[in-house]
Amino acid sequence: MGLATVAMAQTKVSGVIKDTAGTPIAFANVIFKDSNEGTISNEEGRFYLESDDNYTEVVFSFIGFSSTEVTLTDRSTYNMEIVLEEEAAALDEVVIFTGKQSKKNNPAIDILRKIWENRRENGVKKFKQYQYDKYEKLEFDLNTIDSALINSRVFNGMEFIFDQTDTSNITGNTYLPIFINEAYAKVYGDNLLNEEKEVLEGNKNSGFDNNNTLIAFIKDLYSEYNVYDNYLKFFDKAFTSPLSTTGIDVYNYVLLDSAYRDNKWCYNIVYYPRRKNELTFKGDFWVNDSTWAIKEINLQASKSANLNWVREVYIEQEFDVLNDSTFLITRDYFLSDFSFRKKEGARGVYGKRTTLYDNYEFDIKKDKSFYKEQVDPYQYEVYNRPDDYWEEKRMESLSKDEKGVYKMLDTLKTVPRFKTLYNLGAVLATGYYETNNFDVGPVFSIFGFNEAEGLRIRLGGRTYFSQNDPWRIEGFGAYGFKDERFKYGISAKWLLDRTSRLTVFAGNRKDVEQTGASLTNSNDVLGRSLASSSLISVGANDRLSRINLTTVGFEVEPVKNLVLRLTGSYRNLESATDTFSIDYFDEDGTIRSTVSQPEIELAFNYTPRRKTSGYGVERTIINDGDFPVFYVAYTYGLKDVLNGDFEYKKLQGLYTRPWNIGGLGRLLTTVEVGKIFDPVPLSLLSPIPGNQTYFSLYNTFTQLDYYEFVSDTYASLHVQHNFGGRLFSRIPGLRKLNLREVIGFRAVYGEISEENIALNASNIIYQAPGDIYYEYSVGIGNIFKIFRLDFNFRGNYLNNPDARKFGVTGVFGFSF
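Residues numbered from 1 in each chain as written. Predicted model: local features only at pLDDT ≥ 70, side-chain atom pairs only at ≥ 80, totals over all residues. Heavy atoms only, no water.

Chemist: Help me understand the overall build of the protein chain in this model?
Modeler: Looking only at helices and strands, the protein chain features eight helices and 44 strands. Per-residue burial for the protein chain yields a buried fraction of 53% across its 816 residues. Within the protein chain, contacts between residues separated by at least 24 positions form 63% of all contacts whose residues are at least 6 apart in sequence. Accessible area of the protein chain: about 37,600 Å², with a carbon and sulfur share of 54%. (Helix = DSSP H or I, 4+ residues; strand = E, 2+ residues; numbered from the N terminus. Buried < 20%, exposed > 50% of the residue type's maximum accessible area, 1.4 Å probe, protein only. Contact = heavy atoms within 4.5 Å. Areas by Shrake-Rupley, 256 points an atom, 1.4 Å probe, with all protein chains shown as cover.)

Next comes the structure, spelled out in structure tokens:
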């Protein structure tokens, strides 16, 4: 198995393998003659093989076909077309067997069972405590470089960058390094405490000052994985590991060879998928004959895998022997080829991560407080280490081209055309247009529409000196052409301490809002739901309120990912349309149409496993939607303070969590509960969130109108499961479309007290879902890779006035 390093390879071959009818042969064998260096063709029959040694012959074979030997006349031979002829006789014993393999009397599967029995005994998990040095190199490369690209007008004035091109020893494509980041860290772990901590000691990157988010995003894409696990998670997808206990139902296994690897006798097993369109790999691994620990393994994702925007995934891992029974990982290499098209020859971008491990030490105990301690996330010296530091700490030297990236990008940043392209990319990625130290946007929320304002135009912006600003001011102005009123919002926040993330904030917003679009309230002064101004909607979106909200408060993060927030707020509420009333009876029996209400809210938000980038007042969440959320809030409404109208207590809770269900896809669940303990009018109650837009909005009820149900006590459940194409992949005709199946279920229980009903003088008749309301949906996702269509069905309360029994909604989104 060749290393995935950049090297002066001596022999390179590539091409396609077909039968005599011209049909590509998938998973055929390609091997340099009289060697252990080989590969397997992909689903399209294509192959690429490279070696540091000189070879003059290459052998092609597949069960049921005659093997073919080809003599090589050049060191590099590309675009070969190999034709294999069918053969009825058995192949010679030296041929590598492929095709569908038996699960019975298969020595490879017998070895696989030994791996399962011993996998918990391998690696650092054998020890009470462990620590080691870790060097990580992340790289982005523009690939498939040809004359058409080099001469493109896009690169006018930037031709010098192509001096750094090289050839990948995995895909055979030319590539140009465009970004590199190096990090050196100490890792400490305690298996008894189930704790691990990584202390960054050095970081160096090419490119731009504010690329920490890009670095963190790449790291999350290539999240840590263990090949012994049943499923390996990449790009939010669960690939079946070739070492999985379910692997025998997913892969074919062949015992190929046995040999000494670093003085340990090992078996070499080749594996490849039994079916197309599943999240699987092809490759091989070497396993020790006594400890049954993996010595080397490589994994290459199936070309037909239901994966968007990724043309290639390749992984190599190497392990070293600590003693007779313990193998430790020493090298981990991950390459992915991002491209809009999976077609051969299409241009793309390589994302590469190389991780090396060294200086393992064991059973050195550290106090539990060491793992819980909060530290300053930014230390100047860590990000400004001298060159001699990196010469010492690098566990693998940079290639000439990698060294050239640092200098090349320093030059590239001065080219005006590149700055223009960079700014365009920033607008598409962030929604903001950068102008000096002020960003204009978000550009995607300029236009809106509702029954109160008619056509609405909004312009906003924020201060932005860098990603890690300690303070930020943000604001917007909006105008509705129907009500002819100006709206605005402004907020400011200031990070006082980076270690505890003590932050103070304040703001004011005067706007039109749909307050019936969510159960768990937010005091985000600039937050506004899509329901408030969707350009198109089902029925009249006229149950809107005018709100003037002022907030002030502070928050702190005493423990990582646990945020405590104390907020004081004051809001004035009134109806925004003539067809919607929030009227109520006051203590004297007089009907009033406005609410003035100060509140104090104490909230706890815990998000374990959340990953963030940056150390400023605003951080970017890297793995959004990939961690659980626990939220609890207690609110106290003040009466006669600042002319407050009501005194009440409110308790709310939310728990949401994503679940990876192995090969069955991904499940998302949310539970919300809440109770208001004192009588309040409609504007302060908890309407069950309807959805009158044509968009599929999670945590709303698609078949409910706004304010169709109103409650003071509620409990709701939302369940959504994405099968990831597992069912459609088995249906001929649908398989190639890479569609994905999505199902959903939503239910809510609610109560409304007699005291609250007595207060009501609005034109909304209070009804709570005392008999649990439910609805369900089935959807088809990954349409054109960016769209999902949901078909929604109402389960009960079908006799409510204008009840919507069926509806169709959709949602756009980027996903792998």
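More follows now that the structure is in view.
Chemist: Looking at this model, I keep getting lost on empty space enclosed by the protein. Mind explaining?
Modeler: It is a probe the size of a water molecule, rolled over the atoms, that shows where empty space is left. Enumeration according to the criterion identifies two cavities of 30 Å³ or more in this entry. Estimates place the volume of the largest cavity at around 50 Å³. In terms of lining residues, the largest cavity is bounded by 10 residues, among which A301, S302, V310, R311 and E312 are the most central. It is strand β18 (residues 310–323) that provides the largest number of residues to the lining of the largest cavity, a total of four residues. (1 Å grid on protein atoms, 1.4 Å probe; cavity = no way out; pocket = protein on both sides within 12 Å on 5 of 7 lines; lining within 4 Å. Points joined across faces, edges and corners; volume = space filled by probe spheres on them.)

Chemist: Just to check I follow, could you spell out the nonpolar core for this structure?
Modeler: Across soluble globular proteins, you tend to see nonpolar side chains buried next to one another. F281 and F285 are the most contacted members of the largest nonpolar core, which totals 51 residues. Sort the elements by how many residues they give to this core and helix α1 (residues 107–118) lands first, with six residues. In contact with F285, not counting residues within four places along its chain, are L112, I115, L243, Y267, N268, I269, Y271, I294, E296 and I297. Core analysis: the next-biggest nonpolar cluster, separate from the first, contains 23 residues, L573, I582, L685 and Y766 among them. (Core = buried A, V, L, I, M, F, W, Y, C linked by side-chain atoms within 4.5 Å.)

Chemist: Would you mind showing me how to read α1 here?
Modeler: One turn of the α-helix equals 3.6 residues, which is why residues spaced by three or four share an orientation. Over its 12 residues, α1 extends 17 Å from the first C-alpha to the last, a length consistent with the 16 Å expected when each residue adds 1.5 Å. Taken residue by residue, α1 has A108, I109, I111, L112, I115 and W116 as its buried positions. Seen end-on, α1 carries its buried residues on one side only, within an arc spanning 155°. In the core, the buried residues of α1 are packed alongside β14 (251–261), β15 (264–273), β16 (281–288) and β17 (294–301). Two or three places before A108, at the opening of α1, N106 has a side-chain oxygen 2.9 Å from that residue's backbone nitrogen. (Expected span 1.5 Å × (residues − 1). Arc of directions from axis to C-beta. Polar contact = N/O pair within 3.5 Å; in protein donor to acceptor, adjacent residues only side chain to side chain.)

Chemist: In this structure, what is going on with the pairing of strand β40 (residues 713–722)? I would like to understand it.
Modeler: Every other side chain in a regular strand lies on the same face of the sheet, so the side chains alternate between the two faces. Judged from the 10 bridges that link them, strand β37 (residues 666–676) and β40 form a sheet pairing that is antiparallel. Of the residues in β40, the one forming a bridge with L667 is H721. By the bridge criterion, 10 bridges tie β40 to strand β41 (residues 740–751) in an arrangement that is antiparallel. Counted as the bridge partner of N722 is V742 from β41. (Pairing = 2+ DSSP bridges.)

Chemist: Hey, could you run me through the sheet that holds strand β3 (residues 38–40) in this one?
Modeler: Read across the open sheet, the four strands follow the order β3-β2-β5-β6; overall the sheet is antiparallel. Every other strand in the sheet has two partners, leaving β3 and β6 (68–71) as the edge strands with one partner each. Geometrically, the sheet is characterised by an average inter-axis angle of 20° between neighbouring strands, direction not taken into account. Pairing between strand β2 (residues 29–32) and β3: three bridges, direction antiparallel. Opposite N29, over in β3, you have I40 as the bridge partner. (Axes fitted to C-alpha atoms, helices over the stretch in contact; angles between N-to-C directions.)

Chemist: Would you take a moment to explain the sheet that holds strand β7 (residues 76–84) for this structure?
Modeler: Note on sheets: strands pair through backbone hydrogen bonds, and any given pair is parallel or antiparallel. Sheet architecture is open: three strands sit in the order β4-β1-β7, paired in mixed fashion. Each of the sheet's edge strands pairs with one partner strand only, and the pair in question is β4 (46–51) and β7. Taking each pair of neighbouring strands and ignoring which way they run, the sheet shows an average axis angle of 25°. Two strands pair when backbone bridges link them, and strand β1 (residues 11–19) and β4 are joined in this way by six bridges, in the antiparallel orientation.

Chemist: I tried to follow unusual backbone geometry on my own but got confused; where do I start?
Modeler: Across the chain, the bulk of peptide bonds are trans and the bulk of non-glycine residues have phi less than zero. Its identity as a non-glycine residue notwithstanding, N643 has a phi of 60°, on the positive side. The exposure class assigned to N643 is exposed, which follows from its relative accessible area of 64%. In this structure, K785 takes a positive phi of about 70° despite not being glycine. Here K785 lies in the loop between β42 (773–783) and β43 (787–794).

Chemist: Would you explain the pattern of salt bridges in this entry?
Modeler: Any two side chains of opposite charge can pair, given that their charged atoms come close. The final tally for this structure, using the stated rule, is 38 salt bridges. Across the pair E396 and K137 runs a salt bridge, and its minimum N-O distance is 3.4 Å. Taken together, the positions of E396 in the loop between α5 (387–393) and α6 (400–412) and K137 in strand β8 (residues 129–143) put the pair 259 residues apart, joining distant regions of the chain. Of the two residues examined, E396 and K137, each falls in the buried class. For the salt bridge of E599 with R571, the shortest nitrogen-to-oxygen distance reads 3.7 Å. Taken as a pair, E599 in strand β32 (residues 594–606) and R571 in strand β29 (residues 562–575) lie far apart in primary sequence, 28 residues in all. Owing to a relative accessible area of 9%, E599 belongs among the buried residues under this scheme. Using a relative accessible area of 14% as the deciding quantity, one classes R571 as buried. (Salt bridge = Lys/Arg side-chain N within 4 Å of Asp/Glu carboxyl O.)

Chemist: Teacher, can you tell me more about the pairing of strand β35 (residues 629–637) here?
Modeler: Residues of β35 alternate between two faces, with V629, Y631, A633, T635 and G637 buried on one and F630, V632, Y634 and Y636 left unburied on the opposite face. Here β32 pairs with β35 via eight bridges, running antiparallel. Among the inter-strand pairings, L602 is bridged to a residue of β35, identified as Y634. In the sheet, β35 pairs with strand β36 (residues 648–660) via nine bridges, with the strands oriented antiparallel. Bridging from a neighbouring strand, Y631 pairs with L654 of β36.

Chemist: What is the right way to read the packing of aromatic side chains from this model?
Modeler: Each aromatic ring pair is described using two quantities: the centre-to-centre distance and the angle formed by the ring planes. By the definition in use, this model includes 31 aromatic pairs. Seen from their ring centres, F709 and Y797 are 5.0 Å apart, and the 75° between their planes marks the pair as edge-to-face. Of this pair, F709 sits in the loop between β38 (686–687) and β39 (710–711) while Y797 is found in the loop between β43 and β44 (806–812), placing the two residues 88 residues apart along the sequence. For K197, the ring lying beneath its charged end belongs to F370, and the centroid distance is 4.6 Å. Taking the ring centre of F370 as reference, the NZ or CZ of K366 above it sits at 5.0 Å. (Phe/Tyr/Trp six-rings, centres within 6.5 Å; stacked < 30°, edge-to-face > 60°. Lys NZ or Arg CZ within 6 Å of the ring centre and 35° of its normal.)

Chemist: Would you mind going over the environment of Y707 with me for this structure?
Modeler: Of note, Y707 is situated in the loop between β38 and β39. For Y707, a relative accessible area of 3% corresponds to the buried category. Separated by 190 residues in sequence, Y707 and A517 have C-alpha atoms that sit 9.0 Å apart. Leaving out residues up to four positions away in the same chain, Y707 has contacts with Q514, T515, G516, R543, F580, L682, P687 and I764. Within the structure, the side chain of Y707 is placed 2.4 Å from the side chain of T515, a separation counted as a polar contact.

Chemist: How do you make sense of the side chain of T240 when you look at a structure like this?
Modeler: Within the secondary structure, T240 is located in strand β13 (residues 237–240). On the basis of relative accessible area, T240 is assigned to the buried category, the value being 8%. Here T240 is in contact with N230, Y231, T246, V250, Y251, L279 and F281, once residues within four sequence places are set aside.

Chemist: Whenever I open this one, the environment of Q131 confuses me. Can you help?
Modeler: Among the structural elements, Q131 can be located in strand β8. Here the alpha-carbon distance between Q131 and K365, two residues 234 residues apart in the chain, equals 9.9 Å. Non-local contacts of Q131, meaning those with residues more than four positions away in its chain, are made with V187, Y188, N359, Y360, E361, I364 and K366.

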